[in-house]
Structure formats: structure tokens, C-alpha cells
Amino acid sequence: MDLNSLSEGLSQLINYGKVEISFTIQGINVILRSLSSDEEIRISHKMNGIESDGIEYLQTYKLLMLAYSIVQLNTIDLRDIVSLPRKDKSGKIENILKEDYVFDIIKTWARSSLNVCFKKYGELLAISEREAEKGIEFEIIDKKSEISRLQAKIDELKGDSSEPEHPAETIFEEEKKEAEDKLSES
Amino acid sequence: MIDKSEQPENVSDLSTERYKRQKQEQQHRKERWLCRYTDLEEILFKGFLIHFVRINGYNFVFKTLNANEFEHIRYHMHLDQESYYLNQIYFIAYSIFMFDGLNVLSNRTHTIPILIKYIKQFSPYTLTCLSHLLSDLNNKCIQSGRLVEAYCYEDVSRQKWLEMKLFLLNDPNITSIDGTQNLGLNTYQKVWMSLNNLEDTKITYEHEWENAKFIASAFNSKGVRSINSSDQRRKDAEQKERELIRTGGVREEDGIIRIEANTNEELMEQLEKSIRGEKDWHDNVVETYELKVKEDHIKKQESLDAILKERESIIEKEIVENPRKFYSAEEAKNSLSERIKQKYEETPSMKILREVSEGKRFVEKIK
């Protein structure tokens with residue numbers, strides 16, 4: 001069989017289900033792009049070694065998701081960039097990966113700004129799901145399991161609609177409470 | 001209005017018409033009945049079930065996986081056991097049979113890495129969506145696979161077995177798909193082959209048993225007649241049981257073990273069991289069947305022993321009734337046995353009788 005035809009055909013699907021969302025935060029125009037499975041895998045690898053029930057885990061996860069999904073900051077286009085040069089402490093120039101570069105920038109941002117960005121990433125995921133659903137056609141094999149999946153989705157949406165209007169603040173409150181609990185335990 | 005020209009002219013024509021109609025109805029009923037095996041026949045004679053999916057305008061044909069392919073996925077996952085997405089990526093890559101008209105099974109060593117490279121670029125939602133669909137497809141395969149034992153008792157199955165027993169079921173000559181020879185056999189193919197092989201062994205054994213009974217009838221026709229009737233009862237019971245399985249009225253207490261996987265987790269557990277070397281459904285079915293055949297053999301052997309004992313008691317009786325014929329009871333017994341031995345021992349049929357009675361013949365076949 002012709003492997004080139006296979007690669008060529010499959011390469012047409014690289015951008016399938018990928019969407020971008022633009023918003024402004026503290027005067028900076030940010031564009032987020034939905035992540036591929038490969039990027040999600042790389043994030044989960046980077047999360048290895050971090051204690052999964054601490055605040056650090058949640059914060060690092062948010063930062064990494066955003067570092068991978070930010071593709072534009074104001075006029076700086078990061079879409080096709082793999083690595084960027086940067087001076088280290090000794091003044092020597094070194095190339096670091098784009099996501100590590102963005103990670104270092106956004107970790108200095110205020111927590112509330114990060115929470116807003118992460119909320120926007122949630123919106124992006126919903127749009128991405130809708131886009132992916134539009135592009136995929138198949139006959140349902142098992143109606144029962146499809147109904148139970150759709151029911152789960154309806155329940156999830158119902159749960160979402162009952163959420164408070166300001167999720168960023170709620171997340172912050174939750175983190176604060178968690179930190180207080182930890183302090184009182186120690 | 002009924003067209004008179006189409007009506008039968010006399011009673012004989014009427015009965016012929018009715019007979020034809022009955023035959024046609026019977027044929028339709030049989031065809032409808034065999035329709036329930038459509039998916040199973042795909043699983044047995046192609047090796048998998050397929051499903052068509054169109055992604056962003058590109059046609060994919062997905063297939064069900066067999067235990068060997070799950071094993072391959074496990075090899076890939078060995079270093080990355082924690083990655084949920086990676087598991088899905090390999091599951092999807094191994095499930096692709098055709099992409100845009102290209103058969104990717106024919107050169108899997110090269111196509112799998114390419115497929116993985118591009119599937120990794122899919123969004124996590126697409127992966128989840130496809131994984132759900134493929135899980136449903138694999139579950140459908142399990143549901144259809146449950147009929148494998150019932151299918152074995154249909155005439156069409158034995159006919160297919162006679163046509164295909166010289167080939168492996170994944171041979172491209174059978175499947176008409178290039179690359180299936182590298183997939184190995186699925187569980188249902190193995191079960192179907194094992195049950196048919198055992199049926200062949202059983203037929204040979206029955207043939208030998210009939211020969212042995214024929215020889216034994218020379219010594220004790222009454223005893224053989226009673227064995228015959230017990231054989232007939234056994235055959236009737238077996239036929240009844242097979243009919244129950246074939247028609248779906250299955251009784252669990254009969255000891256026939258069936259697949260119990262209803263969910264993906266149960267399917268995974270079953271595969272893990274097979275990977276760990278523990279007994280799976282296929283092993284249990286074959287083991288139960290073997291055990292049943294062995295039990296039948298023991299029963300038959302016991303009947304044969306009873307005949308031999310009866311023969312001895314007849315000899316003893318003759319000694320008591322006609323003591324003048326013999327010097328002593330022991331001598332008489334030996335003399336009679338010697339005469340029987342001289343007459344029959346060296347003949348091939350006597351050899352068969354002796355070997356069957358000692359259980360040698362059967363044991364060899366089973367081994």
C-alpha cells in the first residue's frame with residue numbers, strides 16, 4: 001500500500017476540531033487554541049511527580065493548559081514557533097520550548113487573571129466539542145448506550161447552568177478555603 | 001378478483017400448491033432464523049465486525065479488535081500506563097481497517113506508527129467520541145459471539161467447517177482481505193474450530209464404539225441391546241440439549257459456560273485474564289466439552305465391564321450346571337476363556353474391542 005497517500009490524507013485532518021478564541025485581559029489581547037491529544041499527553045507527563053491533591057497541582061495544571069493553548073499575545077504570533085531564545089542568569093543565550101517560555105510569563109500573572117483565562121479555556125472546549133461533533137458522521141451502534149451518554153451530557157449541562165455567575169471568584173474562594181484547611185491541619 | 005387461470009384445477013394440484021407454499025414458508029423461516037448469525041459469520045469468516053465513520057469528509061472503516069491486538073496495545077502501553085489519551089489513541093489506531101479506501105491492515109508495521117502520529121493530533125473530544133463508538137462495536141461483537149455454540153449445531157456451520165477445515169480462518173483466501181493473516185484468530189474463531197474438531201473426534205469415536213458393540217454382540221446380544229438403548233437415550237438427551245442451545249433456551253445448570261462480559265470493563269477483565277494465562281471463556285467451553293466427552297466414555301466403559309462380568313457369570317453358571325464337561329471349575333473357566341481368546345484375540349476387531357474397553361483408543365484421540 002502507498003504510505004505517502006496515507007500520510008497525505010491523514011495530514012488533512014490535523015486541524016479537525018481545533019478552534020481559537022480571542023479575549024482581552026488587563027489590556028493584553030490573548031488568543032487561545034484548543035489542544036490536541038498529544039499536547040494533553042505532554043501536559044499529563046509534566047504533571048507527573050506533583051502531589052495530586054494539593055493546590056500546587058491545580059495551579060500547575062491551569063498554567064500548563066494555558067501555556068500550551070496560548071497562541072497569540074497582542075501582536076506576538078506563537079502558532080508555528082517551537083522554541084524561543086532566552087538569556088539565562090549567566091547571560092548565555094539558550095533555546096527554550098514555546099510552552100515553557102509562555103509558562104514563565106503567565107506564572108507572574110495575578111491569580112484572578114489566570115482564573116478568567118482558564119474560564120475562557122472552558123468556553124473554548126465547549127466550542128471545540130461542537131465543531132468536532134459537526135464533522136463526525138456515523139450510525140449509532142447501541143442506542144441504549146448512546147442514550148445513557150446523552151443523558152449524562154444533559155445532566156452535566158444542567159449542573160453547569162446551576163453554577164454561580166462568577167466562577168473565577170468561586171474558584172478563588174475554594175482555593176482559599178483549601179489552603180486554610182491545610183494550614184489548620186498542619 | 002382472483003384470476004381463474006392461476007387457480008389449481010383439481011385436488012392433486014391443490015395439494016401440490018399447498019406443499020409448495022409450505023416449503024417456501026419453511027425456507028423463509030429458515031432464512032429468517034439464520035439471519036441472526038449474520039454478524040457472527042462476519043466475526044468467524046472475516047475475523048471482525050466493521051463500522052463506517054466519516055470524519056471531516058474522510059471515510060474511515062473501523063473494525064473490532066481481537067485478543068492479540070489488545071495484547072499489542074498492552075505492549076505499547078507498558079511504559080505509559082497512566083496516560084488515558086494514549087490508551088485511546090492506540091485503541092483507535094488498531095481499530096482502523098480502511099482510510100479513504102486504503103486497506104491499512106496489509107502493512108501494519110508501517111501504517112500503525114503513521115496512524116498514531118496523526119491520531120495524536122485529534123482533539124481529546126474526538127478521541128472520546130470514537131472510543132465510545134468502538135466500545136459499542138466491540139460489545140456488539142461480544143453479543144453476536146454468544147451465539148457461536150448455537151451456530152455450531154446448525155447444518156450450515158458443519159457445511160462451512162467441511163469447506164474450510166483445511167485453511168486457517170484468517171487466511172486471505174477465506175477472508176478476502178489482505179493482511180488478516182497477521183491478525184491472528186479471535187476468541188470465537190478459536191471456539192468454533194475447537195468445537196468442530198471435537199465434533200469430528202466424537203464422530204470417529206462413535207464409529208469405533210459402534211464397531212466394538214457389534215463385536216460384543218457376539219458374546220452377549222442382550223447386554224449390547226441394553227447398551228444400545230442407553231446409547232439411544234444418551235443421544236436423544238444430547239440432541240435435546242443441542243436443540244435447547246441452538247434455539248436459545250439455554251440452562252446454566254447444564255454446565256455449559258458462556259461469556260459473561262456485558263460491559264467494557266468486563267471485556268477488559270476477560271482479556272486481562274487471558275493475558276495473565278488464566279482460563280478464559282474459550283478455555284472453559286472447550287474444557288467443559290472435553291469433560292463431557294470423557295464422562296460419556298467412562299459411562300460406556302462401565303457398560304462394557306458389565307457385559308464382561310455378565311459373560312463370566314454365564315460361564316460360572318454353565319460350570320455349575322454341567323460339571324461333567326470339566327475337570328474342575330477353574331479349569332473349565334480357563335478352558336472357555338482360552339477358546340474365546342484363540343478365536344478372537346488376534347483379529348483386528350477383537351483388538352479394537354480390547355483397546356476400547358481399556359480406554360486406550362479414546363485416550364489417544366483425546367491427547
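Cut-offs used in this document
Residues numbered from 1 in each chain as written. Chains lettered and ligands numbered in written order. Predicted model: local features only at pLDDT ≥ 70, side-chain atom pairs only at ≥ 80, totals over all residues. Axes fitted to C-alpha atoms, helices over the stretch in contact; angles between N-to-C directions. Helix = DSSP H or I, 4+ residues; strand = E, 2+ residues; numbered from the N terminus. Left-handed = near helix turned anticlockwise from the far one by under 90°. Contact = placed C-beta atoms within 7 Å. Nonpolar A, V, L, I, M, F, W, Y, C, P; charged D, E, K, R; others polar. Pairing = 2+ DSSP bridges. pLDDT = per-residue confidence, 0-100. Core = buried A, V, L, I, M, F, W, Y, C linked by C-beta atoms within 7 Å. Buried ≥ 20, exposed ≤ 12 C-beta atoms within 10 Å, placed from the backbone. Domains from an automatic or database assignment. Expected span 1.5 Å × (residues − 1).

**Focus on the packing of helix 3 (residues 55-69) of chain A against helix 5 (residues 111-135) of chain A**
Residue and element names in this part refer to chain A.
Stage number 1. Relative to each other, helix 3 and helix 5 sit at 65 degrees, their axes nearing to 10 Å. Seen from above, helix 3 lies across helix 5 with left-handed handedness. Together, K62, M65, L66 and S69 of helix 3 and L114, C117, F118 and Y121 of helix 5 make up the contact between the two elements.

**Some details on the interface of chain B and chain A**
Stage number 1. Counting residues at the interface gives 37 residues for chain B, matched by 32 residues for chain A.
Stage number 2. Counting only elements with at least two residues in the side of chain B that touches chain A, the list comes to strand 1 (50-55), helix 4 (84-95), strand 4 (102-103), helix 5 (108-119) and helix 6 (124-145) of chain B.
Stage number 3. No other element matches the 11 residues that helix 6 of chain B contributes to the side of chain B that touches chain A.
Stage number 4. Partitioning the side of chain B that touches chain A into residue classes produces 19 nonpolar, 13 polar and five charged.
Stage number 5. Judged from the three bridges that link them, strand 7 (residues 136-138) of chain A and strand 1 of chain B form a sheet pairing that is antiparallel. Across the sheet, residue I136 of chain A finds its bridge partner in strand 1 of chain B, namely I55 of chain B.

**Side note on the confidence of the model for chain B**
If pLDDT is low for a region, its predicted coordinates should not be looked at in detail.
All names here are of chain B.
Stage number 1. Summary statistics for chain B give a mean pLDDT of 80 and a share of 73% for residues scoring 70 or more.
Stage number 2. Mean pLDDT values for the elements of chain B range from 49 in helix 16 (residues 360-366) up to 95 in strand 2 (residues 58-63).
Stage number 3. Overall, residues 1-6 carries pLDDT values under 50, and its contacts beyond four positions in sequence, including any with other chains, amount to one contact.
Stage number 4. For residues 362-367, every residue scores under 50 in pLDDT, and the model assigns this stretch six contacts once sequence neighbours within four places are set aside.
Stage number 5. Across the interface, the model reports ipTM at 0.78; the global pTM reads 0.68.

**Some words on the pairing of strand 3 (residues 96-99) of chain B**
Residue and element names in this part refer to chain B.
Stage number 1. Here strand 2 pairs with strand 3 via three bridges, running antiparallel. When the sheet's bridge partners are listed, V61 is paired in strand 3 with M98.
Stage number 2. Bridge analysis of strand 3 against strand 4 gives two bridges, and the strand direction is antiparallel. Counted as the bridge partner of F99 is L102 from strand 4.

**Some points on the nonpolar core**
Stage number 1. Core analysis: the largest hydrophobic core is formed by 51 residues, its most contacted members being I89, I92, A93, I96 and V148 of chain B.
Stage number 2. Broken down by element, the residue count for this core peaks at nine residues, all from helix 6 of chain B.
Stage number 3. Built from parts of two domains, this core gets at least three residues from each of domain 1 (42-146) and domain 2 (187-366) of chain B.
Stage number 4. Discounting residues that sit within four places of it in the chain, V148 of chain B has contacts with L40, Y188, V191 and W192 of chain B.
Stage number 5. In terms of nonpolar packing, the next biggest core, distinct from the first, is built from 13 residues, L35, L64, Y68 and F118 of chain A among them.

**Details of helix 5 of chain A**
Stage number 1. Compared with an ideal rise of 1.5 Å per residue, which puts 25 residues at 36 Å, helix 5 of chain A spans 36 Å between its outermost C-alpha atoms and is within 8% of the ideal.
Stage number 2. Residues of helix 5 of chain A that are buried sit in contact with strand 1 (20-25), strand 2 (28-33), helix 3 and strand 7 of chain A together with helix 6 of chain B.

**Digging into the sheet that holds strand 3 (residues 70-73) of chain A**
All names here are of chain A.
Stage number 1. An order of 1-2-3-4 is seen for the four strands of this open sheet, with the pairing classed as antiparallel. Each having just a single partner strand, strand 1 and strand 4 (76-77) make up the two edges of the open sheet.
Stage number 2. Sheet topology places strand 3 next to strand 4; two bridges connect them, and they run antiparallel. Note on strand 4: the bridge partner recorded for L73 is I76.

**A word on the pairing of strand 2 of chain B**
Stage number 1. Here strand 1 of chain B pairs with strand 2 of chain B via six bridges, running antiparallel. By the bridge assignment for strand 2 of chain B, F52 of chain B is matched with V61 of chain B.

**What to know about unusual backbone geometry**
Stage number 1. We note that N74 of chain A has phi near 50 degrees; this positive angle belongs to a residue other than glycine.
Stage number 2. With respect to the helices, strands and loops of the structure, N74 of chain A is situated in the loop between strand 3 and strand 4.
Stage number 3. In this structure N74 of chain A comes out as exposed when scored by C-beta crowding, with 11 C-beta atoms within 10 Å.
Stage number 4. One non-glycine residue, S176 of chain B, adopts positive backbone phi at about 60 degrees.
Stage number 5. Note on placement: S176 of chain B falls in the loop between helix 9 (172-175) and helix 10 (187-216).

**Considering the environment of L169 of chain B**
Residue and element names in this part refer to chain B.
Stage number 1. Within the secondary structure, L169 sits in the loop between helix 8 (155-164) and helix 9.
Stage number 2. Sequence spacing of L169 and L185 is 16 residues, and the spatial spacing of their C-alpha atoms is 7.2 Å.
Stage number 3. Not counting residues within four places of it along the chain, the set of residues in contact with L169 comprises L44, F45, M164, I174, L185, Q189 and M193.

**Some points on the sheet that holds strand 1 of chain B**
Stage number 1. The strand order across the open sheet built from five strands is 7(A)-1(B)-2(B)-3(B)-4(B), with neighbouring strands paired in antiparallel fashion. Looking at which strands have only one partner, the edges of the open sheet turn out to be strand 7 of chain A together with strand 4 of chain B.
Stage number 2. Relative to the sheet, helix 6 of chain B contacts strand 7 of chain A together with strand 1 and strand 2 of chain B, its axis offset from that of strand 7 of chain A by approximately 10 degrees.

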